[in-house]
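Overview (structure and organization)
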Amino acid sequence: MPSRISPLQISAYTATSAVGVGKEAHADALAHSRSGLRANDFGDAPLPTWIGRVDGLEDVRLPESAMAWDCRNNRLAWLGLQADGFLEAVAAARQKYGASRIALVLGTSTASIGETELAYTQLDADGNFPSDQRRPAVHTPHSLAMFVQQVLGIDGPSETISTACSSSAKVFASAERLIRLGLADAAVVGGADTLCGSVLFGFNSLELVSTEPCRPFDAARKGISLGEAAGFALVERVQAGGNASQLLGYGEASDAHHMSTPHPEGLGAERALDDALARAGLAADAIDYINMHGTASQKNDEVEGALVARRFPARTHASSTKGFMGHTLGAAGIVEAVVCLLAIERGLMPGTVNTRALDEGFGPQIRLEPATGEVRYALSNSFGFGGNNCALVFGKAVAA
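A brief look at the structure comes next. Note on numbering: residues in each chain are counted from 1, in written sequence order. Residue-level local features of this predicted model are given only where pLDDT is at least 70; pairs of side-chain atoms are given and counted only at 80 or more, and the full residue set underlies all totals for whole chains, interfaces and linings. Only hydrogens and water are set aside; all other atoms, that is, all heavy atoms of the structure, feed into the side-chain values.

Moving on, we get to helix H11 (residues 332–346). We count a stretch as a helix when DSSP gives it H or I for four or more residues in a row; a strand needs E for two or more, and each element gets its number in order from the N terminus. Expected span, for any helix, means 1.5 Å times one less than how many residues it has. Across its 15 residues, H11 extends 21 Å between first and last C-alpha, which sits within 8% of the 21 Å expected from 1.5 Å per residue. For every residue, the accessible area (1.4 Å probe, protein chains only) is compared with the maximum for its type, and the residue is labelled buried under 20%, exposed over 50%, or partly exposed between those bounds. Across the 15 residues that make up H11, a large majority, 13, are buried. After H11 finishes, the residue glycine 347 shows a positive phi value of roughly 65°.

Two side chains that carry opposite charge are able to pair once their charged atoms sit near each other. Think of a salt bridge as a Lys or Arg side-chain nitrogen and an Asp or Glu carboxyl oxygen that are within 4 Å of each other. By the definition in use, this model includes 30 salt bridges. A salt bridge links glutamate 270 to arginine 311, with the nearest nitrogen and oxygen atoms 2.9 Å apart. Separated by 41 residues along the polypeptide, glutamate 270 in helix H8 (residues 267–280) and arginine 311 in helix H9 (residues 298–311) bring together distant segments of the chain. Residue arginine 311 is classed as partly exposed on the basis of its relative accessible area, which comes to 25%. Of the charged contacts, one joins lysine 322 and glutamate 336 as a salt bridge, the two residues approaching to 2.7 Å between their closest N and O atoms. With a gap of 14 residues between them, lysine 322 in helix H10 (residues 322–325) and glutamate 336 in helix H11 connect regions that are remote in the sequence. Judged by its relative accessible area of 0%, lysine 322 falls in the buried class. One salt-bridge network, held together by shared partners, links Arg38, Asp41, Arg53, Asp55, Glu58, Arg72 and Glu228.

Our focus in this paragraph is the sheet that holds strand E3 (residues 38–39). Note: two strands are recorded as paired if DSSP finds a minimum of 2 bridges between them. Sheet architecture is open: 3 strands sit in the order E3-E4-E8, paired in mixed fashion. Among the strands making up the open sheet, the edge pair consists of E3 and strand E8 (226–227). Where strand E4 (residues 50–52) lies against E8, 2 bridges are found, and the strand directions are parallel. Looking at the pairing, glycine 52 lines up with glycine 227 of E8.

Given below as structure tokens:
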């Protein structure tokens, strides 16, 4: 088992999704079980499904100095960066540590592929992209990180993690290693993914997309609702006298059981859980709230529901928030980490919206209604295709 790690302070954080921009919008939606899903209105030939779409992205304008990076994904990132004083927090960290000592670790599944799709509809007579689309850096998976690094004015180590739906959960693990090894003094972590044809029609081809709002852990669940989101956090070593929530542990595992199906016994997911608890120095019964991956697909929910039922006491409050903002793919990990941080700081444990009747095979941990109470420790699960699993443990501030 891995050794316990030194906690990292979450000095600032924010999220933007279909329920709104910033922490207050998310807290309000979670407290009142208000879903942001809507009938699919994305694209020229919308699939009959429900999506978590962020309003107003078409009108967002990047700073003039960064217009070369313009695309839907980077617009969403820019919208998200402006919320909750996050830009100011990073500026203060840059002043404190220096731009070269702040790392950037971002997760994304599709990056700016939506812009590449658009470019292919605009080919000239010779089969070339139009001149305004000849931006090679935009048409790469690292586009998001290069854009964010520029607008934040930082130039420490920069990584893009693309491990499907665990991408922006694994950013916390990478940041911890960079800081522990002395390669950075702080890190901006997060991720962004936006709706595009490749996502909607790709998941539909796998027969994973529901024609109704997703119903995680429901006995009659029919599949996922796709969404888009961005989220960011500033992590650094614990500051004396600080009262910010902390990253206590993480676990990563790759079970490689199947390209798109989890191990039937959840072996990789359980290994990630065990490693996260070990690094945090906690037992499973210490966890007060679990944000489950809970996609509403048959196999994911079956495996994760069984894992939570056998490892956690009945008092543990667990829920999926996919019914609020949809499955935001590479951004799911960071948005759901934000939900955990809100739970710790506000004592708010969300329910599982849209779900009507829990599958009888799941335990009493999964709750449909929100609750309030002290949350000392929260766990966030993120499970991606190919068995790319990540579990994160967050907790209240402890003495440095």
